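What follows is each chain in one-letter form.
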Amino acid sequence: DRRVGPDLGPDAPAYPQHEVPSWYRDAKFGVFVHWGLYSIPAWARPRRPGEHVPVELEYHHHQYAEWYANTVRIPGSPTRLLHEREYGVGTSYEDLADSWTIEAFDPRRWMRLFADCGARYVVPTAKHHDGFCLWDTATTSFSSVRRGPRRDLIAELAEAAREAGLRFGLYFSGALDWHVSDFAPIRSATDLFTLRRNDEAFARYSFDQLMELVDRHAPDVLWNDVDWPDAGKTAGPSSLRALFERYYEQVPGGVVNDRWGVPHLGYRTREYHSEEGVTPWVWEATRGLGTSFGYNRAEDDRHLIGHGDLVRLLVDTVAKNGNLLLNIGPRADGSLPEDQVERLRHLGDWLKAHGEAIYRTRPWVRYAEPVGAPVRYTVGPDGAFHLIAMDPSAGWLRLADDLVESARATASWGDVPAVVDASGHVTIPPGLRGLPAAVLTLRQAHPGTG
Ligand SMILES: C[C@@H]1N[C@H](CN)[C@@H](O)[C@H](O)[C@@H]1O
């Protein structure tokens, strides 16, 4: 989702330069949390992975449950029909705010779980497209402090995250805020970028909200979504440029993503997609555990990524110079769906055993081989070279020629010395063949490891 902003002409402000901090590049794995009013109905028409939906029904059948406020306004949409059946014809989405109770919410338990599963940072939604604010904001009464839970959820999450040793970032819907807009529902990708406010008042509103969060929580990541109001892209005290300057001043080790609609970014983002190979830029792959970010009660195990595929997604992303920001969608009451937690724990178990091949690594000169058994490569900070076999069940693989010599001298599967013959044929120990990915480590520097 690499968007470059509009041509703002000769008076467009220059943006500060800011490197992606090494903590972010070392972290490799973060947990995204989409939690808000949309978690109450928690419904979108379920879409099986790979299921084709005609483009003209893309928004009528939107797969993201957190888009409920938009989908429910599309006449005849499955969401509209469900809403009228379950909440009655006269109940608006925003009416749901007063029914939001969070009796199972335990932020410390969430954060201890994410840390135990190997995440190094967490990014909860402070405000999603529906405009409902999960913090004690002075800008609107449409918030979790003035309605529903009557609690400052972001403050509680920030404290619990840092207590658990996690870096704390924030998601913010910069371009879309349906509480303060009155457009027709979005029904196409074109609508997504046209049915939004770009006026000065909205730019100031967005600036004030995000600066409240920066001033109060010094978030390590600012994860803006879709774009930013165009009126905020010129010079001025409440401009994006001013926001970035204040942010970097208050959070020198902070980082932003690439969805601001201006020629300034930290790392690039891909949503339900990957990069094609090792990229010179730092990037982040993000997706839900299923086909939605907000919890969708219509999804079952068939809609969630497989346990082994999740491990291989992280490995593939890291080998290509990316991080994985994996989303969990809590239920409205604050409980975490068991099938999602189970996948997080499985990934955490693999990382406990093989994290040396992931954390603090950097890509090699190539991430994989064009042919042969699927492998991925990473290079550790100590020069250790990791070959990650992505299908250990095959029982063996053939090393690329430029690896054979050092592999024969130094390679091991953890503590087990590797059996490598002169042709580069290496056996995968039977005990590793049930893993989603097995790690062969060579303790000698290699071409391209700097
Ligand atoms: C991370 C995802 N980003 C998209 C916009 N591309 C949002 O529309 C979606 O609801 C979710 O927040």
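Now for a description of the structure that goes with this document. Just so we're clear, the structure is a prediction, and the values are computed from it rather than from any experiment. (Residues numbered from 1 in each chain as written. Predicted model: local features only at pLDDT ≥ 70, side-chain atom pairs only at ≥ 80, totals over all residues. Heavy atoms only, no water.)

### Section: unusual backbone geometry
This is how the line gets drawn: For helices the rule is a DSSP run of H or I covering at least 4 residues; for strands it is a run of E covering at least 2, with both sets numbered from the N terminus onward. Classification of residues uses two cut-offs on accessible area relative to the type maximum, computed with a 1.4 Å probe and protein chains only: under 20% is buried, over 50% is exposed, and between them is partly exposed.
Look at A42: it is not a glycine, yet its phi comes out positive at around 50 degrees. Structurally, A42 can be placed in the loop between β1 (29–33) and α2 (68–71). A positive phi angle, close to 40 degrees, is found at A218, a residue other than glycine. Of note, A218 is situated in the loop between α7 (200–217) and β4 (221–224). The exposure class of A218 is partly exposed, given its relative accessible area of 30%.

### What about the packing of helix α9 (residues 307–319) against helix α10 (residues 338–354)?
Stated formally: Angles run from 0 to 180 degrees between N-to-C directions of axes, and those axes are lines fitted to C-alpha atoms, restricted for helices to the stretch in contact. Each angle gets one of four labels, with under 35 degrees taken as roughly parallel, over 145 as roughly antiparallel, 65 to 115 as roughly perpendicular, and the rest as oblique. The crossing is said to be left-handed when, going from far helix to near helix, the turn is anticlockwise and less than a right angle, and right-handed when the turn is clockwise. Note on definitions: a residue-residue contact is assigned when non-hydrogen atoms from the two residues lie within 4.5 Å. For this scheme, ten residues count as nonpolar: Ala, Val, Leu, Ile, Met, Phe, Trp, Tyr, Cys and Pro. Four count as charged, namely Asp, Glu, Lys and Arg, and the remainder, Gly too, count as polar.
Two elements in contact, α9 and α10, have axes whose closest approach is 9 Å; the angle formed by their N-to-C orientations is 55 degrees. Judged by the inter-axis angle, α9 sits oblique to α10. When the axes of α9 and α10 are compared, the crossing they make is right-handed. Here H307, G308, L310, V311, L314 and V315 of α9 lie close against α10, whose contacting residues are E342, R343, H346, L347, W350 and L351. For the contact of α9 with α10, the per-class residue count stands at seven nonpolar, three polar and two charged.

### Some thoughts on the site of the ligand
Going by this rule: Only a single heavy atom is needed: when it lies within 4 Å of a molecule or strand, its residue is near that molecule or strand. For the purposes of these results, a polar contact is taken to be a pair of N or O atoms within 3.5 Å, where, inside protein, one atom must be able to donate a hydrogen and its partner to accept one; residues adjacent in sequence count only when each atom of the pair is a side-chain atom. Under the convention used here, a 1.4 Å probe and the Shrake-Rupley method define accessible areas, while residue burial counts only the protein chains that appear.
Neighbouring the ligand are 13 residues; H34, E66, W67, H129 and D225 lie closest to it. At 2.8 Å from an oxygen atom of the ligand is found a side-chain nitrogen or oxygen belonging to H129. For the ligand, whose unbound accessible area comes to 320 Å², protein coverage reaches 94%. In terms of residue class, the shell around the ligand is built from six nonpolar, three polar and four charged.

### Quick word on the packing of aromatic side chains
Short version of the rule: For Phe, Tyr and Trp, where Trp contributes only its six-membered ring, two rings pair if their centres lie within 6.5 Å, and the inter-plane angle classes them as stacked under 30 degrees, edge-to-face over 60, or tilted in between. The criterion for a charge sitting over a ring is simple: Lys NZ or Arg CZ within 6 Å of the ring centre, and within 35 degrees of the ring normal.
One pass over the structure, following the stated rule, counts 31 aromatic pairs. Here F244 and W260 contribute two aromatic rings whose centre-to-centre distance is 4.9 Å and whose plane-to-plane angle is 75 degrees, an arrangement assigned as edge-to-face. Of this pair, F244 sits in helix α8 (residues 240–250) while W260 sits in the loop between β5 (255–256) and β6 (268–271); the two residues are 16 residues apart in sequence, bridging distant segments of the chain. The same class applies to F244 and to W260, which are both buried. An aromatic cluster is built from Y15, F172, W228, F244, Y247, Y248 and W260, whose rings are joined through pairwise contacts. Its guanidinium or amino end placed over the ring of Y359, R120 lies 3.7 Å from that ring's centre, counting from NZ or CZ. Across from the ring centre of W281, 4.8 Å away, lies the NZ or CZ of R268, which sits over that ring.

### Details of the sheet that holds β6
Worth spelling out the cut-off: Paired strands, as defined in this entry, are two strands with at least two bridges between them according to DSSP.
Ordered by their spatial adjacency, eight strands build an open sheet running β5-β4-β3-β2-β1-β8-β7-β6, and the pairing between neighbours is parallel. The open sheet has two edge strands with one neighbour each: β5 and β6. In this structure, β1 lies alongside strand β2 (residues 121–127), joined through four bridges in parallel fashion. In the strand pairing of β2, V33 is matched with P124. Lying on the sheet, helix α5 (residues 153–163) is in contact with β2 and β3 (167–172); it crosses β3 at an angle near 150 degrees.

### Some details on the pairing of strand β8 (residues 322–328)
Just so we agree on the cut-off: Handedness of a crossover: with both strands directed away from the viewer, a clockwise path from the first strand across the helix to the second marks it as right-handed.
For β8, the tally of buried residues reaches seven of seven residues, placing the bulk of the element in the interior. By the alternation rule, side chains of β8 split into G322, L324, L326 and I328 and N323, L325 and N327, which are all buried. Summarising the sheet, β1 and β8 pair through five bridges and their orientation is parallel. Bridge pairing in β8 links F32 to N327. Read as a crossover between parallel neighbours, the route from strand β7 (residues 283–288) over α9 to β8 is right-handed.

### Topic: the side chain of T125
Inspection of the secondary structure puts T125 in strand β2. Polar side-chain contacts of T125 include one of 3.1 Å to the backbone oxygen of W35. Residue contacts for T125: discarding those within four places in its chain leaves V33, H34, W35, Y38, L134, I154 and Y171.

None of the figures reported here should be taken as evidence of function without further support.
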